Amino acid sequence: MRMKRVAAVAAAATLALGLAACGGDDADEGTGAGSKSFAAGSTMEKLNKAQKIKVGTKFDQPGFGQKGLSGKPEGFDVEIAKLIVKELGIPEDKIEYVETPSKVREDVIVNGTVDLVAATYTINDKRKERIAFAGPYYEAGQNILVKKDDTTITGPDSFKDGTKKVCSVTGSTPAEEIKKYVKDVATQLVLFDTYDKCRDALKGGQVNAVTTDNVILLGYVAKDEASFKLAGDNFTKEPYGIGVKKEDTDFRNFINDTLEKAFNDGAWKKAWDDTAGKFGAELGSAPTVNRY
Ligand code: GLU
């Protein structure tokens, strides 16, 4: 008799929990395990159940991912990641941010250190050999940062005479691209793991320029307009994607759906206006996601 009562109480409690979880669904923005329903066994279901997620991003790039006084990175990439996390039904404060310099991005996806990477990450075929990309959600282009009073560097061709040093980051597309222009890679190209080190080297006079995406460089200009400017026009196209595991097509589709929703409901534009948009770069019209 007693056992029966215990069982009845337990059943009622389970029912109440179930109803509470359904209640979350109605609210649309609901967070909490079971607040959204995802296909059994999918990455979305796994993350929603765990109620936590690891996001790889940059910590040194103003406007995209920069760690400041809040102790958490802030920027457009971080806001895009938050939109995805929200759609997974996970509260924002359950995101663990992992600093992900350019060189390690594929590695941390492949070995599962992070669940996704949002880090000024150019979509290209070489990277697609190891990981997959949702997006693009923005298109940047390579440019050059110089000291404000520099009149000698006007574009990538300015490195052809072999006299100027240019800094970039290991494992980035701009570090590869600039090799086409320098006369001598060994003496002219200086590589660090993060762009803030390149910026410091330029300010300190150890290099003549920094090269990477225009929007990253515009962030450094915005933070120190007295010292820096951009030299010339963009000379590549850098479409930014969200990196996920190569075989995880369902998660990639889910992120593409989330991006398209954000393009249409104003969340994408708001994310931009609140972050990198303050630094003078154009958002342009929403890109077309590439569901390859
Ligand atoms: N978008 C370029 C890349 O993915 C440069 C920026 C970066 O290194 O994060 O390599």
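Placed above this text is the structure.
Keep in mind that this is a model prediction, so the values were computed, not measured. Positions within a chain are numbered from 1, following the residues in the order the chain's sequence is written. The predicted nature of this model means local features are confined to residues of pLDDT at least 70 and side-chain atom pairs, given and counted, to a pLDDT of 80 or more, with totals for whole chains, interfaces and linings taken over all residues. As a rule here, side-chain values cover all heavy atoms of the structure and leave hydrogens and water aside.

### Observations concerning the pairing of strand 7 (residues 131–140)
Then, in step 1: Here strand 7 lies mainly inside the structure; 9 of its 10 residues are buried.
Then, in step 2: Pairs of strands are assigned from DSSP output, requiring at least two bridges between the strands. Here a strand is any run of E in DSSP of at least two residues, a helix any run of H or I of at least four, and the numbering for each starts at the N terminus. Two elements, strand 7 and strand 13 (residues 238–245), share 7 bridges in a ladder whose sense is antiparallel. Bridge pairing in strand 13 places Glu139 opposite Pro239. Burial here depends on accessible area, computed with a 1.4 Å probe over protein chains only, as a share of the maximum for the residue type. Under 20% is buried, over 50% is exposed, and the range in between is partly exposed.

### Structural notes on the site of the ligand
Then, in step 1: What makes a residue near a molecule or strand is one non-hydrogen atom of that residue sitting within 4 Å of it. Around the ligand lies a shell of 17 residues, among which Lys58, Ser102, Thr122, Tyr195 and Asp213 are the nearest.
Then, in step 2: In protein, a polar contact requires one atom able to donate a hydrogen and another able to accept it; more generally it is a pair of N or O atoms within 3.5 Å, and residues adjacent in sequence count only if both atoms are side-chain atoms. Within the backbone of Thr173, one N or O atom sits 2.8 Å away from an oxygen atom of the ligand.
Then, in step 3: Within the side chain of Tyr195, an N or O atom sits 2.6 Å from an oxygen atom of the ligand.
Then, in step 4: Values of accessible area rely on a 1.4 Å probe in the Shrake-Rupley scheme; residue burial ignores everything except the protein chains shown. Starting from 280 Å² of accessible surface for the ligand in isolation, the protein chains cover 100%.
Then, in step 5: Using a 2 Å cut-off from the grid points, one finds that the ligand occupies the largest cavity.
Then, in step 6: For the shell around the ligand, the secondary structure elements donating two or more residues are helix 6 (173–177), strand 11 (209–213) and strand 13.
Then, in step 7: Residue polarity is assigned by list, with Asp, Glu, Lys and Arg as charged and Ala, Val, Leu, Ile, Met, Phe, Trp, Tyr, Cys and Pro as nonpolar; anything else, Gly included, falls into the polar class. Along the lines of polarity and charge, the residues of the shell around the ligand split into 6 nonpolar, 6 polar and 5 charged. Space inside and on the surface of the protein is sampled on a 1 Å grid over the protein atoms alone, with a cavity defined as a set of points where a 1.4 Å probe fits but cannot get out and a pocket as an open set with protein on both sides within 12 Å along at least 5 of 7 lines; lining residues have an atom within 4 Å of a point. Molecules are considered to sit inside a cavity or pocket once more than half of their atoms lie within 2 Å of its grid points.

### Some words on unusual backbone geometry
Then, in step 1: Looking along the chain, the bond that leaves Gly135 and enters Pro136 is cis, with omega of 10 degrees.
Then, in step 2: Position of Pro136 among the secondary structure elements: in strand 7.
Then, in step 3: One non-glycine residue with positive phi stands out, namely Gln51, at about 60 degrees.
Then, in step 4: Mapped onto the secondary structure, Gln51 falls in the loop between helix 2 (43–50) and strand 1 (53–57).
Then, in step 5: Gln51 gets classed as buried once you look at its relative accessible area, which sits at 15%.
Then, in step 6: In this structure, Thr120 is a non-glycine residue whose phi angle is positive, near 40 degrees.
Then, in step 7: By the element assignment, Thr120 lies in the loop between strand 6 (116–117) and helix 5 (125–128).

### So, empty space enclosed by the protein
Then, in step 1: Grid points are joined across faces, edges and corners, and a volume is the space filled by probe spheres set on the points. Tallying each qualifying case throughout the model produces 1 cavity of 30 Å³ or more.
Then, in step 2: Considering only enclosed or pocket space, the largest cavity measures out at about 60 Å³ in volume.
Then, in step 3: Lining the largest cavity are 13 residues, with Arg105, Thr120, Pro174, Tyr195 and Asp213 positioned closest to its centre.
Then, in step 4: For the lining of the largest cavity, the elements supplying multiple residues, two or more each, are helix 6 and strand 11.
Then, in step 5: Here the residues of the lining of the largest cavity are counted per class, giving 3 nonpolar, 6 polar and 4 charged.

### Structural notes on the sheet that holds strand 10 (residues 189–192)
Then, in step 1: Taking strand neighbours across the sheet as the criterion, the 5 strands line up as 10-9-11-8-12 in an open arrangement whose pairing is mixed. This sheet does not close on itself; its edge strands, each paired only once, are strand 10 and strand 12 (228–230). In this sheet, neighbouring strand axes are inclined to one another by 30 degrees on average, regardless of whether the strands run parallel or antiparallel.
Then, in step 2: Where strand 8 (residues 142–147) lies against strand 12, 3 bridges are found, and the strand directions are antiparallel. Bridged to Val146 within strand 12 is Lys229. Axis angles are defined between N-to-C directions and span 0 to 180 degrees, where every axis is a line fitted to C-alpha atoms and, for a helix, only to the segment in contact.

### Some remarks on helix 2
Then, in step 1: Among all positions of helix 2, only Thr43, Met44, Glu45, Leu47 and Asn48 are buried.
Then, in step 2: Where helix 2 is buried, its residues touch strand 1 and helix 10 (249–265).
Then, in step 3: In the segment just after helix 2, Gln51 is the residue with positive phi, at about 60 degrees. Any pair of residues with heavy atoms lying within 4.5 Å of one another is described as a contacting pair.

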